[in-house]
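Coordinate analysis (summary)
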Amino acid sequence: MTLEVAPAPAPAHAPTQRPRIFSGIQPSGIVHLGNDLGAIRNYVTLQWEYEAIYCIVDYHALTSSHDPALLRSRTLEMAASLLALGLDPERCTLFVQSHRPEHTELAWLLCTVTPLSWLERTPTFKEKKANQPDDINHGLLTYPVLQAADIVMYKASLVPVGKDQAAHLELSREIVRAFNRHYGDTFPEPQAVFTEAPVVLGTDGVRKMSKSVGNTIDIFADPATVRKQVMSMVTDTKRILRTQPGRPEICNVCQLHRFFGDDYDEIWDGERTARTGCVDTKKLLADRITAHYAPARERYAELMAHPADLAGILEAGADRLRPMAEATMAEVRERMGLR
């Protein structure tokens, strides 16, 4: 994995032993292959290089989900997934957004310096309007302000993003600049840590892997389920016969082999020369995915079997952040004339 830190100005806060990094993830339940390859593997690496804070953003989830029991279960499932895949509570801070309610207070205060036009023009808001036209709630509009509050609450200077997502961070930077103009230098402008986070296509080979689309590979499922999902994957649609050469550069199965073995060049060559067929390549991929995630699958089951211990890890993370959150809010209130 390649990491590239975007150029950053001098920080507006006292330096820490390691640069502080923040990222939030939606509580979508048990993670799938796209979640791991696209984000979580980077999280695991970054926790060794930065002072990493990872947040399960349940406040954000309320903009599209209104089932309390489902939200609770998905939050625990996401936490168990992250821990099973390698997040270490001794190396990073993992917590649930609503366990630090200061986030919503800061979001409201940031709203007062954020022009409405900035929020109405965001592509994500337009996308949500298209995807859930019957539930265009106010939270969808102010979603980016809460994102900014999440980051600056702990004066994180760095946010991991793929290069195709860098524009999403710019609105947080604009909000920080607006606040600092009104009330003096308070927050550092968050900078991007660019990561090689691939866009993982789903089993349909067309759309990004997503539960809402139903095209996922469920890495914690039993081997039979994983095999069924992998065998359903669309490959090279122009390779009709087994004897025809394939195009591994556009075959989703071949692309995924890059993450589960160093011999993917050999696998690709087999497809190009028709030495191997799509069925063979799928079977091998299913076997490798099952084997790779076997320890994590076992760890996930252990964590979910002890929900009190899992909740304790999340509470400990929120408690660890309390002094930082309280200090930030005391400073903000004083600067804004609220104290």
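Going by the structure above, here's the rest.
Given the structure is predicted, the values throughout are model-derived calculations rather than measurements.

Below, the discussion takes up the pattern of salt bridges. The tally for this structure, following the rule as stated, stands at 19 salt bridges. Salt-bridge contacts for Arg100 lead to Glu102; the nearest nitrogen and oxygen are separated by 2.9 Å. The buried category is assigned to Arg100, whose relative accessible area is 4%. With a shortest N-O distance of 3.7 Å, Arg299 and Glu302 are connected by a salt bridge. Of this pair, Arg299 and Glu302 are both found in helix 13 (residues 294-305), three residues apart, which corresponds to roughly one turn of the helix. On the accessibility criterion, Glu302 (39% relative accessible area) is partly exposed. When salt bridges with common partners are traced through the structure, they connect Glu170, Arg173, Arg177 and Glu189 into a single cluster.

Here the focus is the pairing of strand 4 (residues 92-96). For strand 4, a buried count of five out of five residues is recorded, marking the element as mostly surrounded by other parts of the structure. Side-chain alternation along strand 4 places Cys92, Leu94 and Val96 on one buried face and Thr93 and Phe95 on a second face that is also buried.

Let us look at helix 13. For helix 13, with twelve residues, the first-to-last C-alpha span of 17 Å sits near the 16 Å given by 1.5 Å per residue. On its buried face, helix 13 sits against helix 3 (68-84), helix 12 (278-292) and helix 14 (307-336).

Nonpolar side chains tend toward joint burial in soluble globular proteins. Counting residues in each nonpolar core, the largest one holds 50 residues, and the members touching the most others are Leu33, Leu82, Leu87, Ile217 and Ile289. Filtering out sequence-adjacent residues up to four positions away, Leu82 remains in contact with Ile25, Ile40, Tyr43, Ile56, Leu87 and Leu94. Counting residues in hydrophobic clusters, the runner-up holds 41 residues, among them Val57, Ala149, Leu321 and Met329.

With 18 residues, helix 8 (residues 166-183) extends 26 Å from end C-alpha to end C-alpha; this agrees with the ideal 26 Å at 1.5 Å per step. Just past helix 8, the residue Gly184 takes up positive phi, approximately 95°.

About the cut-offs
Residues numbered from 1 in each chain as written. Predicted model: local features only at pLDDT ≥ 70, side-chain atom pairs only at ≥ 80, totals over all residues. Heavy atoms only, no water. Salt bridge = Lys/Arg side-chain N within 4 Å of Asp/Glu carboxyl O. Buried < 20%, exposed > 50% of the residue type's maximum accessible area, 1.4 Å probe, protein only. Helix = DSSP H or I, 4+ residues; strand = E, 2+ residues; numbered from the N terminus. Expected span 1.5 Å × (residues − 1). Contact = heavy atoms within 4.5 Å. Core = buried A, V, L, I, M, F, W, Y, C linked by side-chain atoms within 4.5 Å.

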